[in-house]
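Descriptive structure summary
Given next are the chains, with one letter for each unit.
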Amino acid sequence: MSVKQYYVQPGASFDLEHFDAEDKSLLKRGKEKAKAELESLRAKLEALQNVFYASGKHKLLIVLQAMDTAGKDSTIRMVFDGVNPQGVKVANFKAPTAEELAHDFLWRVHAKTPGNGEIVIFNRSHYEDVLITRVNGWIDSDTCEERYRAINAFEQLLADNGTTILKFYLHISKDEQKQRLIERQQDPTKQWKFNPADLKTRSQWDDYMHAYSQAIAATSTAHAPWYVVPANSKLQRNMIISTVICDTLQNLKLAYPKPLPGIAKIKVK
């Protein structure tokens, strides 16, 4: 399965207007076949992550960014279902505390990056500091450009120290978001997720699309690429992300650690 069309080429012109959130091209053979393929990808990821964790040589950082209701939480649940929880962590960056605001904007992020053998998923990330801050006018364009440069340098530092970085923007349409917000509002099992503050963000939709387009264009690099994932279809979304992660882990040429010398001669009593 090729997912190259969702890769944001570093240095190329970029605008989210050119990406179709409704794209279901991976589902052309039918939903049942797609579901079977996703199950196969889950099993593959489980096996790869087991070797990844056991070898303890590599680090993987996965960044998930999206507008509200795009499915960051469900992506984590569905894509990583079955993996060894010891080797996977999720970090969620809320509004910064007073202590965090007293430092540079990346200070709180660095401590959450993966160690050897770990996969860390950022459910929202350091990119909030060039998105919500820019849309609401809390930083100006010059400060935003400085932060793009700081982010690129930070991610280069991580890559230079052995961290593989994958960044996914889950792209939903404004109409799809409306339907999902109404579902949250009406479904008793989802009402706890409904936050009236999300409606303010929704009213700033065009500004956010512009901010995301600029941020993705400025920070998609060879060592930390962005993928724009059509997310109106949850099945297609999960297939794309699973494929990218599996392909990336396979390219690391993982291997289990060598056994202890003479292990076959050791008697277990």
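Further remarks concern empty space enclosed by the protein. In the structure shown here, the tally under the stated rule is one cavity of 30 Å³ or more. Of the pockets and cavities examined, the largest cavity occupies roughly 30 Å³. Here the element with the most residues in the lining of the largest cavity is helix H9 (residues 205-219); it accounts for three residues. Looking at the lining of the largest cavity residue by residue, the class counts come to six nonpolar, one polar and no charged.

We now examine a negative patch on the surface. Judged by side-chain charge, Asp140, Asp142, Glu145 and Glu146 come together as a negatively charged surface patch. Examined against the element boundaries, Asp140 turns out to sit in the loop between helix H5 (132-135) and helix H6 (141-160).

Moving on: the sheet that holds strand S2 (residues 88-92). Pairing between the strands of a sheet is mediated by backbone hydrogen bonds and can be parallel or antiparallel. Taking strand neighbours across the sheet as the criterion, the five strands line up as S2-S3-S1-S4-S5 in an open arrangement whose pairing is parallel. Looking along the sheet, the strands with just one partner apiece sit at the ends: S2 and strand S5 (226-230). Each strand axis lies, on average, 20 degrees off the axis of its neighbour in the sheet, ignoring direction. Sitting on the sheet, H9 is in contact with strand S1 (59-66), strand S4 (163-171) and S5, with an inclination near 155 degrees to S4. Against the sheet, helix H10 (residues 234-251) touches S1, S4 and S5, its axis set at about 170 degrees to S4.

The rules behind the values
Residues numbered from 1 in each chain as written. Predicted model: local features only at pLDDT ≥ 70, side-chain atom pairs only at ≥ 80, totals over all residues. Heavy atoms only, no water. 1 Å grid on protein atoms, 1.4 Å probe; cavity = no way out; pocket = protein on both sides within 12 Å on 5 of 7 lines; lining within 4 Å. Points joined across faces, edges and corners; volume = space filled by probe spheres on them. Helix = DSSP H or I, 4+ residues; strand = E, 2+ residues; numbered from the N terminus. Nonpolar A, V, L, I, M, F, W, Y, C, P; charged D, E, K, R; others polar. Patch = residues over 30% accessible without salt bridge, like charges linked within 9 Å, V, L, I, M, F, W, Y side chains within 5 Å. Areas by Shrake-Rupley, 256 points an atom, 1.4 Å probe, with all protein chains shown as cover. Salt bridge = Lys/Arg side-chain N within 4 Å of Asp/Glu carboxyl O. Lys, Arg positive; Asp, Glu negative; His and termini not counted. Charge placed at Lys NZ, Arg CZ, Asp CG, Glu CD. Pairing = 2+ DSSP bridges. Axes fitted to C-alpha atoms, helices over the stretch in contact; angles between N-to-C directions. Contact = heavy atoms within 4.5 Å.

Everything listed here is a matter of coordinates, which is why it stays silent on function.
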